[in-house]
Amino acid sequence: KEKMEVIAEKLRIKKASLLPDRFMRLNEELGLPARLRELGLTKEELEPMARKAKEDHCTPTNPRPLEVMDCLQLYIEAW
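Residues numbered from 1 in each chain as written. Predicted model: local features only at pLDDT ≥ 70, side-chain atom pairs only at ≥ 80, totals over all residues. Heavy atoms only, no water.

Colleague: How should the overall build of the protein chain be read in this particular structure?
Modeller: The helix and strand tally for the protein chain stands at four helices and zero strands. When the helices and strands of the protein chain are read in sequence order from the N terminus, they spell out α-α-α-α. The globule rule puts the C-alpha radius of gyration for 79 residues at 12 Å, and the 16 Å found for the protein chain is more than 25% above it. Projecting the C-alpha coordinates of the protein chain onto the three principal axes gives extents of approximately 40 × 30 × 15 Å. In the protein chain, buried positions account for 16% of the 79 residues. Contacts in the protein chain between residues far apart in sequence, at least 24 positions, make up 40% of those at least 6 positions apart. As displayed, the protein chain offers around 6,800 Å² of accessible surface, 56% of which is attributable to carbon and sulfur atoms. Positive and negative side-chain charges of the protein chain, numbering 15 and 15 respectively, have mean locations separated by a distance of 6 Å. (Helix = DSSP H or I, 4+ residues; strand = E, 2+ residues; numbered from the N terminus. Rg over C-alpha atoms; globule rule 2.2 N^0.38 Å. Buried < 20%, exposed > 50% of the residue type's maximum accessible area, 1.4 Å probe, protein only. Contact = heavy atoms within 4.5 Å. Areas by Shrake-Rupley, 256 points an atom, 1.4 Å probe, with all protein chains shown as cover. Lys, Arg positive; Asp, Glu negative; His and termini not counted. Charge placed at Lys NZ, Arg CZ, Asp CG, Glu CD.)

This is the structure:
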């Protein structure tokens, strides 16, 4: 929460709770894709990606434990 407040302050946004909307608008302004399917990914590619994410050397330092099914669920929601 504190980090979000610092970011909001640096961006001159009154409340940290407004940050997600601001970043969504920024992505739209930049023309960045909002969904994984907009990058050309198929649903069949999501499970192998989830396995690779679990195996990534950064996963042990994730603030929360992360399993393949957790990654897959995130990818499905982002697809």
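Colleague: Mind showing me how you'd approach the confidence of the model for the protein chain here?
Modeller: Any segment with low pLDDT has predicted coordinates that should not be analysed in fine detail. Per-residue pLDDT for the protein chain has a mean of 95; in total, 100% of the residues score no lower than 70. At the level of individual helices and strands, the protein chain shows its lowest average pLDDT in helix H1 (residues 2-10), which scores 94, and its highest in helix H4 (residues 68-78), which scores 97. (pLDDT = per-residue confidence, 0-100.)

Colleague: What should I look at first to understand unusual backbone geometry in this one?
Modeller: Outside of glycine, negative phi angles account for most residues, and trans bonds account for most peptide bonds. Of note, the phi angle at Arg12 is positive, near 60°, even though the residue is not glycine. Of note, Arg12 is situated in the loop between H1 and helix H2 (19-30). Among the residues examined, Arg12 registers a relative accessible area of 77% and is labelled exposed.

Colleague: What exactly am I supposed to notice about the packing of aromatic side chains here?
Modeller: Each aromatic ring pair is described using two quantities: the centre-to-centre distance and the angle formed by the ring planes. Going through the model one piece at a time under the given rule, you end up with zero aromatic pairs. A cation sits over an aromatic face here: Arg37 above Trp79, 4.6 Å from the ring centre. (Phe/Tyr/Trp six-rings, centres within 6.5 Å; stacked < 30°, edge-to-face > 60°. Lys NZ or Arg CZ within 6 Å of the ring centre and 35° of its normal.)

Colleague: So what exactly am I meant to see when it comes to the state of the cysteines here?
Modeller: By definition, a disulfide links the sulfur atoms of two cysteine residues through a covalent bond. Applying the stated criterion across every chain, the model contains zero disulfides. Among the cysteines around Cys58, which has no disulfide bond, Cys71 carries the closest sulfur, lying 12 Å off. (Disulfide = S-S within 2.5 Å.)

Colleague: Could you clarify how one ought to interpret a nonpolar patch on the surface in this entry?
Modeller: A contiguous nonpolar patch, built from Met4, Ile7, Leu11 and Phe23 and spanning about 330 Å² of accessible area, is present on the exposed surface. Mapping Met4 onto the fold places it in helix H1. We classify Met4 as partly exposed; its relative accessible area is 37%. (Patch = residues over 30% accessible without salt bridge, like charges linked within 9 Å, V, L, I, M, F, W, Y side chains within 5 Å. Salt bridge = Lys/Arg side-chain N within 4 Å of Asp/Glu carboxyl O.)

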